[in-house]
Amino acid sequence: MRLRISTALTKARLAAVMLLLAGVARAQAPSTNPPLESQLSRYLNAMVKARLAPMQDASATELRARVAEGQRLAVEQRYDEAAILLLEALEGPRFNDFRDFDEYASAEFTAASALMRLGSHQTARRYLGRLVARGPSHPYYGPAVRGLVDVALLLSDLDAALLFFAPYRATITADAKNELHYLAARARLLAGEWDSLGLLL
């Protein structure tokens, strides 16, 4: 089952979502504007109400096919199309009942990876955070932790990443703890707190 982007209506939907993606890529700093996922969620809900988006009941099979297509597009380096396809599933109303499914987690991780490639790091961080919240036994936990560390380094937002992980310290894995030690040491180094580095090593 391959999901195709072919009709003029679908192209219009893609153009609208791409404008949202472009806005996030241009402005990674904190802003008073609603985040991409909030704008996209409202956009997709409005599409459904206007009967311009699919209204049939969703299924795990359809979600699985959408994830597979998103992964294929990402492998082909068509990151914009991959992100759009998956964000429509993650932020639209049709797949709300599938948030605990493995397919939904796969959609979150693939979308985050595509968004990272597009430079939409803030939005990628949101989906990576969702995966970490699923717990250390989840298959995407380790990759999501590493992704959040990468985002923190790219945005020079190390303290925010450390604060995010604070509630999870009781259950954090050894590998994740090492990643956080690195982040903490990097933050202290950048702050010129040389004397405290020894306490982290």
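Residues numbered from 1 in each chain as written. Predicted model: local features only at pLDDT ≥ 70, side-chain atom pairs only at ≥ 80, totals over all residues. Heavy atoms only, no water.

Q: Got a sec to walk through the overall build of the chain? Specific residues and values, please.
A: When its secondary structure is counted, the chain shows nine helices and zero strands. Starting at the N terminus and ending at the C terminus, the chain contains elements arranged as α-α-α-α-α-α-α-α-α. Of all intrachain contacts in the chain linking residues separated by at least 6 positions in sequence, the fraction that spans at least 24 positions is 65%. For the chain, the accessible area works out to roughly 10,900 Å², and carbon and sulfur atoms hold 55% of it. (Helix = DSSP H or I, 4+ residues; strand = E, 2+ residues; numbered from the N terminus. Contact = heavy atoms within 4.5 Å. Areas by Shrake-Rupley, 256 points an atom, 1.4 Å probe, with all protein chains shown as cover.)

Q: Summarise the pattern of salt bridges; cite the residues concerned and give the values.
A: Within the structure shown, the criterion is met by twelve salt bridges. A salt bridge links Arg78 to Glu76; the shortest N-O distance between them is 2.7 Å. For Arg78, a relative accessible area of 30% puts it in the partly exposed group. Within this structure, Glu69, Arg72, Glu76, Arg78 and Glu81 form a network of salt bridges that share partners. (Salt bridge = Lys/Arg side-chain N within 4 Å of Asp/Glu carboxyl O. Buried < 20%, exposed > 50% of the residue type's maximum accessible area, 1.4 Å probe, protein only.)

Q: Give me the lowdown on the environment of Arg186, citing residues and values where you can.
A: If you trace the backbone, Arg186 turns up in helix H9 (residues 174-190). Judged by relative accessible area, Arg186 falls into the partly exposed class, the value being 31%. Separated by 27 residues in sequence, Arg186 and Asp159 place their C-alpha atoms 10.0 Å apart.

Q: Give me the nonpolar core: which residues, what numbers.
A: In this structure, Leu63, Phe95, Phe98, Val132, Phe165 and Leu183 are the most contacted members of the largest nonpolar core, which totals 46 residues. Of all elements in the fold, only helix H3 (60-75), helix H4 (79-91), helix H5 (102-118), helix H6 (121-133), helix H7 (141-155), helix H8 (158-165) and H9 reach the threshold of two or more residues within this core. Element by element, the count of residues in this core is highest for H4, at eight residues. The contacts of Phe95, once residues within four sequence positions are left out, are Ala58, Ser59, Glu62, Leu63, Arg66, Ala89 and Tyr104. (Core = buried A, V, L, I, M, F, W, Y, C linked by side-chain atoms within 4.5 Å.)

Q: Could you give me a rundown of the confidence of the model for the chain, with the residues and numbers involved?
A: Looking at the chain as a whole, its pLDDT mean stands at 76, while 66% of the residues score no less than 70. Every residue in residues 24-34 scores below 50 in pLDDT, and together they form 13 contacts with partners more than four places removed in sequence or on other chains. (pLDDT = per-residue confidence, 0-100.)

Q: A description of the packing of aromatic side chains should follow, citing residues and the corresponding values.
A: Scanning the entire structure with this criterion turns up five aromatic pairs. Measuring from centroid to centroid gives 5.3 Å for Phe164 and Phe165, while their planes differ by 85°, and the two rings are edge-to-face. Judged by relative accessible area, Phe164 falls into the partly exposed class, the value being 29%. Among the aromatic residues, those joined into a cluster by ring pairs are Phe95, Phe98 and Phe101. The ring of Tyr127 has Arg126 lying over it, and the distance from NZ or CZ to the ring centre is 5.7 Å. (Phe/Tyr/Trp six-rings, centres within 6.5 Å; stacked < 30°, edge-to-face > 60°. Lys NZ or Arg CZ within 6 Å of the ring centre and 35° of its normal.)

Q: Give a detailed account of H9, specifying residues and quantitative values.
A: Between the first and last C-alpha of H9 there are 24 Å, a value that for 17 residues agrees with the 24 Å anticipated at 1.5 Å per step. Residues Ala176, Leu180, Leu183, Ala184, Ala185 and Ala187 constitute the buried set of H9. Structurally, H9 contributes buried residues whose contacts are with H7 and H8. (Expected span 1.5 Å × (residues − 1).)

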